Amino acid sequence: MARAVPETHGEILAAAARRFAVTGYKGTSLQDIARAVGCSKATVLYHFANKEALLCELMAPAIAALEALDARLAGATGAAAQEIAGEGFVDLAVRFRREIALLRGEFPDLLQQPAFAHIQQISERLIAAFAGNSDRPSARIAALVVLAGIAETCGEFIDIPDDELRPALLAVVRRALEPVT
């Protein structure tokens, strides 16, 4: 028996999130999403202009939180920048770890899409903050490892409770980053 209409915006988003988690963003077609919802591709396109629009809506809360962190980092330097970046990014990654898990391994390709292009600049500012705005290669290397490690860890350990994951990540951040003098 055919599934009853109406297909909702939310059902399509949920199906897209599930499909992206299984086959990745690039490996998922609009037809795959439509099939998962039990509707036509035209119905999906009625609700979303394209696959990128679906992804943008799924990621909008996480991107807004990243932009807010970027704004909090503006003007911060040294140890203050490290502290804001460390706590802020850990909190963001823990909160949005399901979204991170959806896109693991696809970040470089996604940053090439116009809707996500500004994320690269935010990432660069976040790395600078983790490095305490130092130009020392060792500080910048540690900062990149910390940033990538937090994201990867949150994407991998989605079943660990927040109250266990957050302090563990913050401890690693504090051990890994060079202190600012």
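Residues numbered from 1 in each chain as written. Predicted model: local features only at pLDDT ≥ 70, side-chain atom pairs only at ≥ 80, totals over all residues. Heavy atoms only, no water.

Moving on to the environment of L169. Of note, L169 is situated in helix α10 (residues 162-176). With residues up to four places along the chain from it excluded, the contact list for L169 reads V90, V94, I150, T153 and C154. (Helix = DSSP H or I, 4+ residues; strand = E, 2+ residues; numbered from the N terminus. Contact = heavy atoms within 4.5 Å.)

Our next topic: the nonpolar core. Formed by 59 residues in total, the largest nonpolar core has its most connected members in I33, L54, F89, L126, F130 and I150. Secondary structure elements with two or more residues in this core: α1 (9-23), α2 (30-37), α4 (51-73), α5 (78-95), α6 (97-102), α8 (117-130), α9 (137-156) and α10. At 10 residues, the largest contribution of residues to this core is made by α4. (Core = buried A, V, L, I, M, F, W, Y, C linked by side-chain atoms within 4.5 Å. Buried < 20%, exposed > 50% of the residue type's maximum accessible area, 1.4 Å probe, protein only.)

Let's shift gears to the packing of aromatic side chains. Counted under the stated rule, the structure contains two aromatic pairs. Centroid distance F20 to Y25: 5.3 Å. Interplanar angle 65°. Geometry classified as edge-to-face. For F20, a relative accessible area of 0% translates into the label buried. Between the aromatic rings of F89 and F130, the centroid separation amounts to 6.4 Å while the plane-to-plane angle is 90°, which identifies the pairing as edge-to-face. Of the two residues, F89 sits in helix α5 while F130 sits in helix α8, which places them 41 residues apart along the sequence. Under the relative-accessibility criterion, F89 is labelled buried at 8%. Note that K51 overlies the ring of Y25, its terminal NZ or CZ placed 4.4 Å from the centroid. (Phe/Tyr/Trp six-rings, centres within 6.5 Å; stacked < 30°, edge-to-face > 60°. Lys NZ or Arg CZ within 6 Å of the ring centre and 35° of its normal.)

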